[in-house]
Amino acid sequence: MVETGVVFGRFQVFTLKHMEYILAAKMRCQKLYIGITHADIVSFAATSSLDVHGITKKDNPLTYLERYEMIQGALLDFGVRRKEFDIIPFPVTHPDLIRQYAPRDATYYLSICSEWDEEKAQEIERLSLKTEILWQRVGQDCGATGFEVRKMIADNQSWLQYVPKTVGDYILRRGIDQRIQELERLYSTPERKN
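Here the structure is a predicted model, which means the values were calculated and not measured. (Residues numbered from 1 in each chain as written. Predicted model: local features only at pLDDT ≥ 70, side-chain atom pairs only at ≥ 80, totals over all residues. Heavy atoms only, no water.)

J.: Before we move on, could you go through the environment of alanine 25 and cite the residues and values that matter?
T.: Its place among the elements puts alanine 25 in helix α1 (residues 16-26). On the accessibility criterion, alanine 25 (0% relative accessible area) is buried. Separated by 83 residues in the primary sequence, alanine 25 and tyrosine 108 have C-alpha atoms spaced 8.8 Å apart. With near-sequence residues (within four places) excluded, alanine 25 lies in contact with Val7, Leu32, Tyr109 and Leu134. (Helix = DSSP H or I, 4+ residues; strand = E, 2+ residues; numbered from the N terminus. Buried < 20%, exposed > 50% of the residue type's maximum accessible area, 1.4 Å probe, protein only. Contact = heavy atoms within 4.5 Å.)

Encoded structure:
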């Protein structure tokens, strides 16, 4: 077991797939830093053509603070002690800034389910940071993505089974489900593209 690890993602919304990724990394390190990418889509907008969901408000309906609180609540509910993790901004769109936010001597754990994931792994390796690929999966083996869960919410379909219970409660209590539905309506009008 290494001392320090790092994982990162947009977590828009935090799914059971994300939880699996984080817990797999946590089992390999004493302290885990969880990086939230696209903390602000204006200051840290997508820079890669493969980062198709890092652009619009529709794909990024939750604030940094909301994602922080969801992740923290879910991890505590899953029995991870608070002193064993921290949540940080992670500027994946500006890789040269990563070392200003995350520890240099950590192991960076990655899960590969898309070309965008592969590109992010290459960027981390380019920075000479130690990486470990937890798994490479395709299709259904990747699990429900945040995009798919947001789509289920927007279409008023059943979605709670794809997120930790505390996350579902948080989304409903804060009216985030209604925000996602409203953004879907707003962005599906022909004159609205961004």
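More follows now that the structure is in view.
J.: Please give an account of helix α5 (residues 146-154) that cites residues and values.
T.: Residues of α5 that are buried: Gly146, Val149, Arg150, Met152, Ile153 and Ala154. Of the surrounding secondary structure, the elements contacted by the buried residues of α5 are α1 and α7 (176-187). Immediately beyond the C-terminal end of α5, within one or two residues, lies asparagine 156, with a positive phi of roughly 60 degrees.

J.: Please give an account of the environment of tyrosine 64 that cites residues and values.
T.: Within the secondary structure, tyrosine 64 sits in helix α2 (residues 64-77). In this structure tyrosine 64 comes out as partly exposed when scored by relative accessible area, which is 21%. In this structure the C-alpha to C-alpha distance between tyrosine 64 and isoleucine 36, which are 28 residues apart in sequence, comes to 7.4 Å.

J.: Before we move on, could you go through the nonpolar core and cite the residues and values that matter?
T.: By size, the foremost hydrophobic cluster in this structure holds 36 residues, and its most contacted members are Val7, Phe14, Ile22, Ile34, Ile71 and Leu75. Only α1, β2 (29-36), α2, β3 (85-89), β5 (130-136), α5, α6 (165-174) and α7 provide two or more residues apiece to this core. Every residue in contact with valine 7, bar those within four places of it in the chain, is listed here: Tyr21, Ile22, Ala25, Leu32, Tyr33, Ile34, Gly35 and Tyr109. (Core = buried A, V, L, I, M, F, W, Y, C linked by side-chain atoms within 4.5 Å.)

J.: Requested: an account of the packing of α2 against α6, with residues and values cited.
T.: Axis separation between α2 and α6 bottoms out at 8 Å; the angle between their running directions is 145 degrees. Our pair here, α2 against α6, has a crossing hand that is right-handed. Counting all contacts with α2, which are made through Glu66, Glu69, Met70, Gly73, Ala74 and Asp77, the residues of α6 involved are Thr166, Val167, Tyr170, Ile171 and Arg174. A breakdown of the residues in the contact of α2 with α6 according to their chemical character gives five nonpolar, two polar and four charged. (Axes fitted to C-alpha atoms, helices over the stretch in contact; angles between N-to-C directions. Left-handed = near helix turned anticlockwise from the far one by under 90°. Nonpolar A, V, L, I, M, F, W, Y, C, P; charged D, E, K, R; others polar.)

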